Amino acid sequence: MTVPVFLAETQGLASDTIDLGGQEGRHAATVRRLRAGERVDLTDGLGLVAECVVTDVHKDALRLAVQRRYEVPAAEPRLVVVQGLPKGDRGELAVEMMTEAGVDVIVPWAAARSVTRWKGERAAKGTARWRATAREAGKQARRFRLPEVTEQAETPEVVALLAGAALGVVLHEEAAVPLSGMSPPAKGDIVVVVGPEGGITDEEIAGFRAAGAVPALLGPTVLRTSTAGVVAAALLSARTGRW
């Protein structure tokens, strides 16, 4: 059985004996029904890992003995996906898959043609949902460095991201250059822009090009906005040696 992963505060991982309580402890004790002697990995989501063994089980908590600690280094180059806000729950689906694929930063983007709009309280709730999805998907995928889900970005902020990237890519079905034919950098940020269901406007493309981004084609078929990011991340992970 795959060793389960739970999140803990960084400072809490310093002790040789850890009491895992709260939501994580309740899930471990009542849902996963872990028992004494079983293995558990704790992480702060920032790369620190504590390999543990369950010593005691309480109603909604576990007591763990730390066997060893280590740190997982950050991957290079860093993969950043700017995701145009999709309709319905497809945003959470995109975040889940990109987390599993190893994307380092996910940026919700309020594109001109996004049907979904995050404003006011809805923006805070949307960001919280994406972050919760990334957290749970990261634990399932045994990621010890969880992706950062930023606040919602407007187009000028995306332009700035692309201008500072080692490689900026805009996925577009009319692009002439295939993403598979590009030579990714060994270091720095690779920023990939994924448009919403309605696509990316000419004005957005022009702004992204001016920032140094290159339109790129994923393949002969048109993918949904919720799947394009994970496919691009997989291709780039293979090309850069991250996979």
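It should be emphasised that the depicted structure is a prediction, and the values quoted were computed from it without experimental measurement. (Residues numbered from 1 in each chain as written. Predicted model: local features only at pLDDT ≥ 70, side-chain atom pairs only at ≥ 80, totals over all residues. Heavy atoms only, no water.)

### A short note on the overall build of the chain
Here is step 1: Scanning the chain from N- to C-terminus turns up six helices and 11 strands.
Here is step 2: Scaling as 2.2 N^0.38, a compact globule of 243 residues should have a C-alpha radius of gyration of about 18 Å, and the chain matches this with 20 Å.
Here is step 3: Across its three principal directions, the C-alpha atoms of the chain cover 60 × 40 × 30 Å.
Here is step 4: Excluding contacts between residues fewer than 6 apart, the proportion of contacts in the chain whose partners are at least 24 apart in sequence is 73%.
Here is step 5: For the chain, the computed accessible surface area is about 11800 Å², with 51% contributed by carbon and sulfur atoms.
Here is step 6: Measuring between centres, the 29 positive side-chain charges of the chain sit 3 Å from its 30 negative side-chain charges. (Helix = DSSP H or I, 4+ residues; strand = E, 2+ residues; numbered from the N terminus. Rg over C-alpha atoms; globule rule 2.2 N^0.38 Å. Contact = heavy atoms within 4.5 Å. Areas by Shrake-Rupley, 256 points an atom, 1.4 Å probe, with all protein chains shown as cover. Lys, Arg positive; Asp, Glu negative; His and termini not counted. Charge placed at Lys NZ, Arg CZ, Asp CG, Glu CD.)

### Topic: the pairing of strand β2 (residues 17-20)
Here is step 1: Alternating residues of β2 divide into Ile18 and Leu20, all buried, and Thr17 and Asp19, none buried.
Here is step 2: Alignment of β2 against strand β5 (residues 62-71), held across four bridges, turns out to be antiparallel. Paired with Asp19 across the bridge in β5 is Arg63. (Buried < 20%, exposed > 50% of the residue type's maximum accessible area, 1.4 Å probe, protein only. Pairing = 2+ DSSP bridges.)

### With respect to the domain arrangement of the chain
Here is step 1: When the domains of the chain are assigned, the result is domain 1 (5-71) and domain 2 (78-240).
Here is step 2: One C-alpha centre belongs to domain 1, the other to domain 2, and the line joining them spans 32 Å.
Here is step 3: Carbon and sulfur atoms make up 56% of the surface buried where domain 1 meets domain 2, a total of about 860 Å² over both sides.
Here is step 4: Area buried by domain 1 at its contact with domain 2 is led by Val5, Leu7 and Gly45, which between them contribute 50% of it. (Domains from an automatic or database assignment. Buried area = accessible area lost by both parts, 1.4 Å probe.)

### Re the UniProt feature "domain: Ribosomal RNA small subunit methyltransferase E PUA-like" (unreviewed entry) in the chain
Here is step 1: In the numbering used here, UniProt assigns the feature "domain: Ribosomal RNA small subunit methyltransferase E PUA-like" (unreviewed entry) to residues 20-64.
Here is step 2: Taken end to end, residues 20-64 has its terminal C-alpha atoms 7 Å apart, with 22% of it in helix and 42% in strand. (UniProt positions renumbered as here; feature names shortened; annotations may be inferred.)

### So, the pairing of strand β10 (residues 189-194)
Both faces of the sheet carry side chains from a regular strand, because those side chains alternate between them.
Here is step 1: Counting buried residues in β10 gives five out of six residues, a clear majority hidden from the surface.
Here is step 2: Here six bridges tie strand β6 (residues 78-84) to β10, and the two strands are oriented parallel to one another. Bridge pairing links Val80 to Val191 in β10.
Here is step 3: Strand direction decides the pairing type here: strand β9 (residues 167-171) and β10, joined by four bridges, are parallel.

### Some thoughts on the sheet that holds strand β3 (residues 39-43)
Either a parallel or an antiparallel arrangement is found when strands of a sheet pair, and the pairing is made through backbone hydrogen bonds.
Here is step 1: One open sheet accounts for five strands, arranged β1-β3-β4-β5-β2; its pairing is mixed. If you trace the sheet from one side to the other, it starts and ends with β1 (5-7) and β2, each paired once. Taking the axes of each pair of neighbouring strands and ignoring which way they run, one obtains an average angle of 40 degrees across the sheet.
Here is step 2: By the bridge criterion, three bridges tie β1 to β3 in an arrangement that is parallel. Of the residues in β3, the one forming a bridge with Phe6 is Leu42.
Here is step 3: Packed onto the sheet, helix α1 (residues 22-31) meets β1, β2, β4 (48-57) and β5 and runs at close to 155 degrees relative to β1. (Axes fitted to C-alpha atoms, helices over the stretch in contact; angles between N-to-C directions.)

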